[in-house]
Amino acid sequence: MQISPLTPGLGAEINGVDIRRLDATAINTLHRSLLDYKVIFLREQDINLDELQQFSRHFGELTQLPYIKPLEGYPNIIRVLKEAHEVNMGVFGGDWHSDFSFLEAPPRASILYAEQVPAVGGDTLWIDMAQAYRALPREQQTLLQGKTAIHSGAPYGVTHAPEDSSRFKGSIQIERNNPQADRETRHPAICRHPDSGELLLFVNPTYTIRIDGLAPAHSDTLLASLYQHCTRPEFSCRFKWTPGSVAVWDNRSTLHYAVNDYDGKRRCLYRTTIAGAAPRPA
Ligand SMILES: [Fe+2]
């Protein structure tokens with residue numbers, strides 16, 4: 001296996017591995033790399049959906065998602081699809097977020113497998129929320145210590161839609177008015193990663209709606225300044241998909257963003273999600 005970091009801090013491509021045939025050493029290396037680089041990429045994997053599930057189980061127990069209709073016969077797989085004719089609309093995951101942060105126990109990891117992607121466009125970006133936390137001014141770190149952030153699934157993962165997002169009719173099958181998504185959940189704004197021990201900023205512009213205990217205007221200003229800070233290019237990496245690419249990311253310590261710049265082209269990926277635990281306070 002050859003590990004090539006994408007940036008000094010975040011993201012690594014791992015070559016020389018067939019994810020259908022992994023021995024204990026290879027699995028250990030993948031786990032270690034995921035902890036070290038937070039998102040890992042494997043290219044040119046020729047797998048079917050059963051093999052995607054099998055590979056995903058190396059990272060933990062697969063979980064079902066609360067408001068997206070899974071693939072028929074595969075309750076733990078969703079299709080992340082935008083057809084070529086779906087133009088001028090929002091896209092699932094089209095703003096910074098960690099997957100399903102509004103759940104009591106957000107996923108520990110997510111996995112995407114690219115079946116068909118545009119020759120150019122449709123990249124995904126990640127940011128490292130541990131690095132973002134460490135680079136925060138001391139007074140903001142102090143202000144956030146012990147604070148609780150409120151998350152809600154109400155945007156259903158679709159942002160920047162030109163019309164009212166409730167009229168979103170994209171290919172991804174979103175079931176709205178889902179009580180599990182619509183309710184509010186409380187998580188520490190600063191968490192400790194259960195495996196690495198790193199401190200993490202755990203807020204995101206898609207699902208975090210306010211910081212508890214602050215006046216609404218203060219909460220809005222603080223969150224806006226945190227988002228401006230954590231989305232600095234220094235904390236990010238960007239991946240250009242090719243057919244057969246697989247990405248595995250740590251969903252506790254990163255945010256990601258699906259770039260919606262490929263109108264007129266079909267993009268089809270398959271996604272599995274690994275169950276997690278309630279975030280631990282710092
Ligand atoms: Fe996502």
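Just above sits the structure.
Cut-offs and rules
- Residues numbered from 1 in each chain as written.
- Predicted model: local features only at pLDDT ≥ 70, side-chain atom pairs only at ≥ 80, totals over all residues.
- Heavy atoms only, no water.
- Helix = DSSP H or I, 4+ residues; strand = E, 2+ residues; numbered from the N terminus.
- Buried < 20%, exposed > 50% of the residue type's maximum accessible area, 1.4 Å probe, protein only.
- Contact = heavy atoms within 4.5 Å.
- Pairing = 2+ DSSP bridges.
- Axes fitted to C-alpha atoms, helices over the stretch in contact; angles between N-to-C directions.
- Expected span 1.5 Å × (residues − 1).
- Phe/Tyr/Trp six-rings, centres within 6.5 Å; stacked < 30°, edge-to-face > 60°.
- Lys NZ or Arg CZ within 6 Å of the ring centre and 35° of its normal.
- Core = buried A, V, L, I, M, F, W, Y, C linked by side-chain atoms within 4.5 Å.

**Some words on the environment of L71**
Then, in step 1: Residue position: L71 is located in the loop between α2 (49-56) and β4 (78-82).
Then, in step 2: Relative accessible area serves as the criterion here: at 15%, L71 is assigned to the buried category.
Then, in step 3: Each C-alpha atom, one on L71 and one on N260, is 23 Å from the other, the two residues being 189 residues apart in sequence.
Then, in step 4: Setting aside residues no more than four positions away along its own chain, L71 makes contact with L49, I77, R79 and Y270.

**Notes on the pairing of strand β8 (residues 148-152)**
Then, in step 1: Burial within β8 is extensive, with 5 of its 5 residues counted as buried.
Then, in step 2: Here β8 shows no split at all, with T148, I150 and S152 on one side and A149 and H151 on the other all buried.
Then, in step 3: In this structure, β8 lies alongside strand β10 (residues 184-188), joined through 5 bridges in antiparallel fashion. Across the sheet, the residue bridging to S152 is E184, located in β10.
Then, in step 4: Sheet analysis places β8 next to strand β13 (residues 208-211), joined by 3 bridges and oriented antiparallel. Looking across to β13, one finds that A149 is bridged to I211.

**What to know about the sheet that holds strand β16 (residues 254-258)**
Then, in step 1: Read across the sheet, 3 strands follow the order β14-β7-β16 without closing on themselves; strand pairing throughout is antiparallel. Only two strands of the sheet have a single neighbouring strand rather than two, namely β14 (236-239) and β16. The sheet shows a mean angle of 20 degrees between the axes of neighbouring strands, taken without regard to direction.
Then, in step 2: Pairing geometry for strand β7 (residues 124-128) and β14, over 4 bridges, is antiparallel.

**What about the sheet that holds strand β17 (residues 267-274)?**
Then, in step 1: Spatially, the 7 strands line up as an open sheet ordered β1-β2-β3-β15-β6-β17-β4, and their pairing is mixed. Both outer strands of the open sheet, β1 (2-5) and β4, are each paired with one neighbouring strand and no more. Adjacent strand axes in the sheet meet at a mean angle of 20 degrees, parallel and antiparallel pairs treated alike.
Then, in step 2: Sheet topology places β4 next to β17; 5 bridges connect them, and they run antiparallel. For V80, the partnering residue across the bridge sits in β17 and is L269.
Then, in step 3: Here helix α1 (residues 24-37) sits on the sheet and contacts β1, β2 (12-15), β3 (39-42) and β15 (246-250); the angle it forms with β3, its principal contact strand, is near 130 degrees.
Then, in step 4: Contacts from α2 reach β3, β6 (109-116), β15 and β17, with the element oriented near 35 degrees to β17.

**Let's talk about α1**
Then, in step 1: The end-to-end C-alpha separation of α1 is 20 Å, in line with the 20 Å expected for 14 residues at 1.5 Å each.
Then, in step 2: Among the structural elements, β1, β2, β3, α2 and β15 are those in contact with the buried residues of α1.
Then, in step 3: Positioned one or two residues after α1, K38 has a phi angle of 70 degrees, which is positive.

**Thoughts on the packing of aromatic side chains**
Then, in step 1: Tallying each qualifying case throughout the model produces 10 aromatic pairs.
Then, in step 2: Counting every residue linked through ring pairs, the aromatic cluster contains F41, W126, F239, W241 and W249.
Then, in step 3: If you follow K82 out to its NZ or CZ, it ends over the ring of Y262, 4.5 Å from the centre.

**Here's the deal with the nonpolar core**
Then, in step 1: With 27 residues, the main nonpolar core has L30, L42, F55, F59, I111, V246 and V248 as its most contacted residues.
Then, in step 2: Elements represented by at least two residues in this core include exactly α1, β3, α2, β6, β15 and β17.
Then, in step 3: Top element by residues in this core is α1. It accounts for 4 residues.

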